[in-house]
Amino acid sequence: MSSRRSRSSRQPGPSRITDDQINDLVSKLQQLLPEIHDRRSKKVSSARVLQETCNYIRNLHKEVDDLSERLSGLLETTDASQAAIIRNLLMQ
Amino acid sequence: MTAQQSPNPSSLRTRFTYRFLRALKELNKHRSATSWPSYRRVKVAADASMAAAVKSRRAWTRAVLRKIRRGHRSPRWNRPLATRELRRKIRRNHGGNPRKIRGSHGDFGQTNELRKLVPGGESMEISSLLGETAHYIKCLSTQVQVMRDLVDLYSSTPTS
């Protein structure tokens, strides 16, 4: 990302982040979110973006939990060849 | 993700996949000694593999690796709560929707929520937090994608 960010993140004490920088970062975040990005609305508020971001992260966490559970169950019962799995997985 | 012709050996996805598969193999190896690899062990292996694949380049991965090295001790605060955290804790205990509180930039109340979700987010500046969040989301989606593919593969492979 821009050098502005790395410089400011190392500053101790009160920061000098401008609102513009914040808005810039928020809009970058917005582009990562599946829902909002599709609607391509320019009028999404920062608060909305943050809200959607939190929801998105929570969903991803939940998916990781679900998938971990399924995987741990599958590991018990599967003795599949590792090589085949790796090859398949990497070709996705 | 779209199908690739050949795996990019240095892509995040590839690095994560290798590490994760190795970790799962280790888990499998020791399963007779303890109980079957629990869901929790798989999840920790996945999170650790992703953080290790990114390495310490990011604040959030450093936070994850730190936490893992500390050995999953109880996630309570080890230090006295700072004023803002104390305020948030009191507000949370009083229930209801948290109103927007003024952060150091007169900013959004949602950032508090975000800080809880991103590893290491509690002590980050708002601009760092946003950047870290973006990277964290990218890595999380990759992690989920690979885990999904793995589940599909294991589900469809006939047991020997």
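All figures in this text were calculated on a predicted structure; none of them were measured in a lab.

Conventions used here
Residues numbered from 1 in each chain as written. Chains lettered and ligands numbered in written order. Predicted model: local features only at pLDDT ≥ 70, side-chain atom pairs only at ≥ 80, totals over all residues. Heavy atoms only, no water. pLDDT = per-residue confidence, 0-100. Contact = heavy atoms within 4.5 Å. Salt bridge = Lys/Arg side-chain N within 4 Å of Asp/Glu carboxyl O. Helix = DSSP H or I, 4+ residues; strand = E, 2+ residues; numbered from the N terminus. Buried < 20%, exposed > 50% of the residue type's maximum accessible area, 1.4 Å probe, protein only. Polar contact = N/O pair within 3.5 Å; in protein donor to acceptor, adjacent residues only side chain to side chain.

The next thing to look at is the confidence of the model for chain B. Looking at chain B, the pLDDT average stands at 78 and 69% of residues meet or exceed 70. In this model, residues 96-106 of chain B is a region of pLDDT below 50 whose contacts with residues beyond four sequence positions or in other chains number 14 contacts.

This part covers the pattern of salt bridges. On inspection of all chains with the given rule, the structure shows 10 salt bridges over all chains. One salt bridge connects Lys28(A) with Asp24(A), and the closest N-O pair in it is separated by 3.0 Å. On the criterion of helical spacing, the pair formed by Lys28(A) and Asp24(A) is a turn pair, its members being 4 residues apart in helix H2 (residues 19-32). Taking the relative accessible area as the measure of exposure, Lys28(A) reaches 39% and is therefore partly exposed. Across the pair Asp47(B) and Lys43(B) runs a salt bridge whose closest N-O atoms are separated by 3.0 Å. Residue Asp47(B) and its partner Lys43(B) are both found in helix H2 (residues 39-54); the two are separated by 4 residues, about one turn of the helix. On the basis of relative accessible area, Asp47(B) is assigned to the partly exposed category, the value being 22%. Note on Lys43(B): relative accessible area 18%, which makes it buried. Where salt bridges share partners, they join Arg58(A), Glu113(B) and Lys116(B) into one cluster.

On to the confidence of the model for chain A. Model confidence for chain A is summarised by a mean pLDDT of 73, while 57% of its residues fall at 70 or above. Mean pLDDT per element in chain A: helix H1 (residues 3-9) of chain A is the minimum at 47, and helix H4 (residues 46-77) of chain A is the maximum at 89.

Bringing the environment of Arg62(B) into the picture now. All names here are of chain B. The residue Arg62 is located in helix H3 (residues 59-69) in this model. In this structure Arg62 comes out as partly exposed when scored by relative accessible area, which is 37%. C-alpha separation for the pair Arg62 and Glu132, spaced 70 residues apart in sequence, amounts to 11 Å. Contacts of Arg62, omitting those with residues within four sequence positions, involve Ser56 and Arg57. At 2.7 Å, the side chain of Arg62 and the backbone oxygen of Ser56 are in polar contact.

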